[in-house]
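Breakdown of the fold
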Amino acid sequence: MEKIKIIMDVDTGSDDAIALVMAMLEEKFDCLGICAVNGNVEVKLTTDNSLRVVECCDKQGVVPVFKGCDLPIASTLMPWTAQSLRPFPTREGTREGKTVVHGDHLPLPEPTIKEEKDSAVVWLINTLLESDGDIILVPVGPLTNVAVAMRADPRIIPKIKRIVYMGGGDRVNNTSAASEFNVWADPEALEIVLQSGVDFTMVPLDATHEAYMNLADAAEIREIGTKPAKLVADLIESRIRGYSVNDKDSADNALAPIHDALAVCSIIHPECLVDVVDVICHCDISRGFAYGETIIDWRHRVKFDEPANIHFAKHADRNVFTAWVKEVLKKDKERRGL
Ligand code: BDR
Ligand code: CA
C-alpha cells in the first residue's frame, strides 16, 4: 500500500497534539516531519511540545521535528497591533499569562530528544524541492513557515501536492469578531499562500465546531489504555474544561472542538467534511476591525473574474471524525501487540 506523504506544521497546542498523534499513528500516512511555529505558545514551546508527542507515540528517530518562525511575517511590526488588539503572538519570554485551553507544556514528560539542526523553513524548502510533487502540507497553526518558504524559494510552489489547512471562519470566529486564531496570528501569511495557486482546502471553525468530542468520547479513548490514547483522552478533557470557561455550548454539554485533528482526518476520510464548496477567498490585511477575516465571495454570479482558490468546508460529520480517531488508536494498540 502506497502511503500518503504528509508534513505537519503545528503550534502545539492541545488540539495540535491530537492532530500529531493521528498523523503519526494512522498507518496510511507517511509523516515525513513536523515543523513547529509560533502560535498558541512561543515557538520554543511548540517545538518542545511536539517533541513530547513524538516520544509519546514512540516515533523518535522516525519523525523529525524542526523549529520554525518565532514571529509572524508582519502583523507585530506596528506598535498598536502588537500592544492593543494583539496580545499574541509574542516572542519567546514575553508572553503574559496563560490560556486555559493550551498550557505552556503538554501533560507529558520532558523530551529526551531534540529538534533537528535545520530550521523548519530550510527543511521544508529542501524536502519539497527534492520531492516528486507528492507531499501534502497540513498546516494547523499560523501559516508563517509555509509563507516564508514560498517567498524564499517559489520553486516549491508547484511541488506542493495540496495544502489542507485548519483555520479561518465564515459564520464562526474566535479571536476577534472577524478572525479565527491561526489566521489572526499571521494574516499576511495566509494571503501569501492564498495567492500562490496551490490546491487549498480550508477546514474552518464552521466545520470544526461541529466535529466536537465529549466526555463519553474521552472515556472510550482512555479505555484503549495506550500512552497516546491516554494523552488524547487527557487533552479532550482539558479542552472541555478550558472551553467551558467562555463557551456556553461547551459548558452546558461538556464538549469541545478538536480543530486540528479534523483537518488530518479529512485527508483519509474526505466525507468528514460536509458541503465543501469551491469559492474565492482572501484574507483581510488592512489592519482595521476586520484584520485577519477570511473574506469569501458568496455573490451568486455566473462568472467571476478570478477562479475559485479554495475548497471551503461549511460543515462536518462528527461521527466520521470521532470513529476514525478511535479506530486509529485501537489499531495502533493491536499493532504493538498490547
Ligand atoms: C486554532 O487555533 C488554535 O488555538 C488551535 O490549535 C487551532 O489550530 C483554532 O482556532
Ligand atoms: Ca493549532
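Here, every reference points to the structure presented above.
Here we summarise the structure given alongside this text. Since the structure is predicted, the reported quantities are computational estimates derived from the model, not experimental observations.

Quick word on the overall build of the chain
- A count of helical and extended segments in the chain gives 13 helices and 12 strands.
- The C-alpha atoms of the chain give a radius of gyration of 19 Å, which matches the 20 Å a tight globule of 338 residues would have.
- Over its C-alpha atoms, taken along the principal directions, the chain stretches across nearly 55 × 50 × 45 Å.
- Looking at the chain as shown, the accessible area adds up to about 14300 Å², and 52% of this sits on carbon and sulfur atoms.
- Of the side-chain charges in the chain, 37 are positive and 53 negative, and the distance between the mean point of each set is 2 Å.

Observations concerning helix α7 (residues 187–194)
- Of all 8 residues in α7, 8 are buried; the element is thus mostly enclosed.
- Those residues of α7 that sit buried are P187, E188, A189, L190, E191, I192, V193 and L194.

Remarks on the pairing of strand β1 (residues 4–10)
- In terms of burial, β1 is a largely internal element, 5 of the 7 residues being buried.
- Direction of pairing for β1 relative to strand β2 (residues 29–36): parallel, over a ladder of 7 bridges. Bridge pairing in β2 links D9 to C35.
- Handedness of the β-α-β unit built from β1, helix α1 (residues 14–25) and β2 comes out right-handed.
- Note that β1 and strand β4 (residues 135–139) share 5 bridges and pair parallel. What sits directly across from I6, in β4, is I136.

With respect to the packing of helix α2 (residues 43–56) against helix α10 (residues 227–246)
- At a closest axis distance of 9 Å, the pairing of α2 and α10 adopts a crossing angle of 135°. Judged on the interaxial angle alone, α10 and α2 are oblique. Across the interface between the two elements, V53, E55 and C56 from α2 touch K227, P228 and L231 from α10.
- Residues belonging to the contact of α2 with α10 are distributed by class as follows: 4 nonpolar, no polar and 2 charged.

Some details on the site of ligand 1
- The environment of ligand 1 is formed by 13 residues, the closest being D15, N40, N174, E180 and D260.
- Side-chain polar atom of D15 to an oxygen atom of ligand 1: 2.6 Å apart, as the coordinates give it.
- Within the contact set of ligand 1, an oxygen atom lies 2.5 Å away from a side-chain nitrogen or oxygen of E180.
- In isolation ligand 1 has 280 Å² of accessible area, and contact with the protein removes 95% of it.
- Looking at the shell around ligand 1 residue by residue, the classes come out as 4 nonpolar, 5 polar and 4 charged.

Looking at the coordination of the calcium ion (ligand 2)
- Coordination sphere of the calcium ion (ligand 2), protein contribution only: D11 (OD), D16 (OD), D16 (OD), V140 (O) and D260 (OD), at 2.3 to 2.7 Å.
- For the calcium ion (ligand 2), the donor residues sit on a single chain with the sequence spacing D-x4-D-x123-V-x119-D. Pair noted here: D16 is in helix α1 and D260 is in helix α12 (residues 259–268), with a separation of 244 residues, a long-range link. Taken as a pair, D16 and D260 share a single burial class, namely buried.

Concerning the packing of aromatic side chains
- All told, the structure shown has 4 aromatic pairs when counted by the stated rule.
- Seen from their ring centres, F181 and W184 are 6.1 Å apart, and the 40° between their planes marks the pair as tilted. With F181 and W184 both in helix α6 (residues 181–184) and 3 residues apart, the pair spans about one turn of that helix.
- F181 sits in the buried class, given a relative accessible area of 12%.
- When its relative accessible area of 5% is taken as the criterion, W184 is described as buried.

A closer look at the packing of α1 against α12
- With their axes 6 Å apart at the nearest point, α1 and α12 run at an angle of 25° to one another. With respect to α12, the axis of α1 lies roughly parallel. For the pair formed by α1 and α12, the contact residues are D15, D16, I18, A19, M22 and A23 on the first element and H259, D260, A261 and V264 on the second.
- Of the residues assigned to the contact of α1 with α12, the class counts are 6 nonpolar, 1 polar and 3 charged.

Describing the side chain of R318
- Note on placement: R318 falls in helix α13 (residues 318–335).
- In this structure R318 comes out as buried when scored by relative accessible area, which is 18%.
- The residues touching R318, leaving out its near neighbours within four places in the chain, are E210, A211, Y212, M213, N214 and D217.

Some thoughts on α2
- Its 14 residues place the ends of α2 20 Å apart at the C-alpha level, agreeing with the 20 Å of an ideal helix rising 1.5 Å per residue.
- When you tally the buried positions in α2, you get 13 out of 14 residues, the bulk of the element.

Let's talk about the sheet that holds strand β5 (residues 160–166)
- If you walk across this open sheet you meet the 8 strands as β3-β2-β1-β4-β5-β6-β12-β9, and the pairing is mixed. Both outer strands of the open sheet, β3 (65–67) and β9 (273–279), are each paired with one neighbouring strand and no more. Adjacent strand axes in the sheet meet at a mean angle of 20°, parallel and antiparallel pairs treated alike.
- Taken together, the 3 bridges between β4 and β5 define a ladder with parallel strand orientation. By the bridge assignment, I135 is partnered in β5 with I160.
- The sheet contacts of α2 involve β1, β2 and β3, and relative to β3 the element is tilted by about 175°.

Conventions and cut-offs
- Residues numbered from 1 in each chain as written.
- Chains lettered and ligands numbered in written order.
- Predicted model: local features only at pLDDT ≥ 70, side-chain atom pairs only at ≥ 80, totals over all residues.
- Heavy atoms only, no water.
- Helix = DSSP H or I, 4+ residues; strand = E, 2+ residues; numbered from the N terminus.
- Rg over C-alpha atoms; globule rule 2.2 N^0.38 Å.
- Areas by Shrake-Rupley, 256 points an atom, 1.4 Å probe, with all protein chains shown as cover.
- Lys, Arg positive; Asp, Glu negative; His and termini not counted.
- Charge placed at Lys NZ, Arg CZ, Asp CG, Glu CD.
- Buried < 20%, exposed > 50% of the residue type's maximum accessible area, 1.4 Å probe, protein only.
- Pairing = 2+ DSSP bridges.
- Right-handed = clockwise from strand over helix to strand, strands pointing away.
- Axes fitted to C-alpha atoms, helices over the stretch in contact; angles between N-to-C directions.
- Parallel < 35°, antiparallel > 145°, perpendicular 65-115°, else oblique.
- Contact = heavy atoms within 4.5 Å.
- Nonpolar A, V, L, I, M, F, W, Y, C, P; charged D, E, K, R; others polar.
- Near = heavy atom within 4 Å.
- Polar contact = N/O pair within 3.5 Å; in protein donor to acceptor, adjacent residues only side chain to side chain.
- Donors = N, O, S within 2.8 Å, 3.2 Å for Na, K, Ca; no water.
- Phe/Tyr/Trp six-rings, centres within 6.5 Å; stacked < 30°, edge-to-face > 60°.
- Expected span 1.5 Å × (residues − 1).

Function cannot be inferred from these measures alone, as they are strictly geometric.
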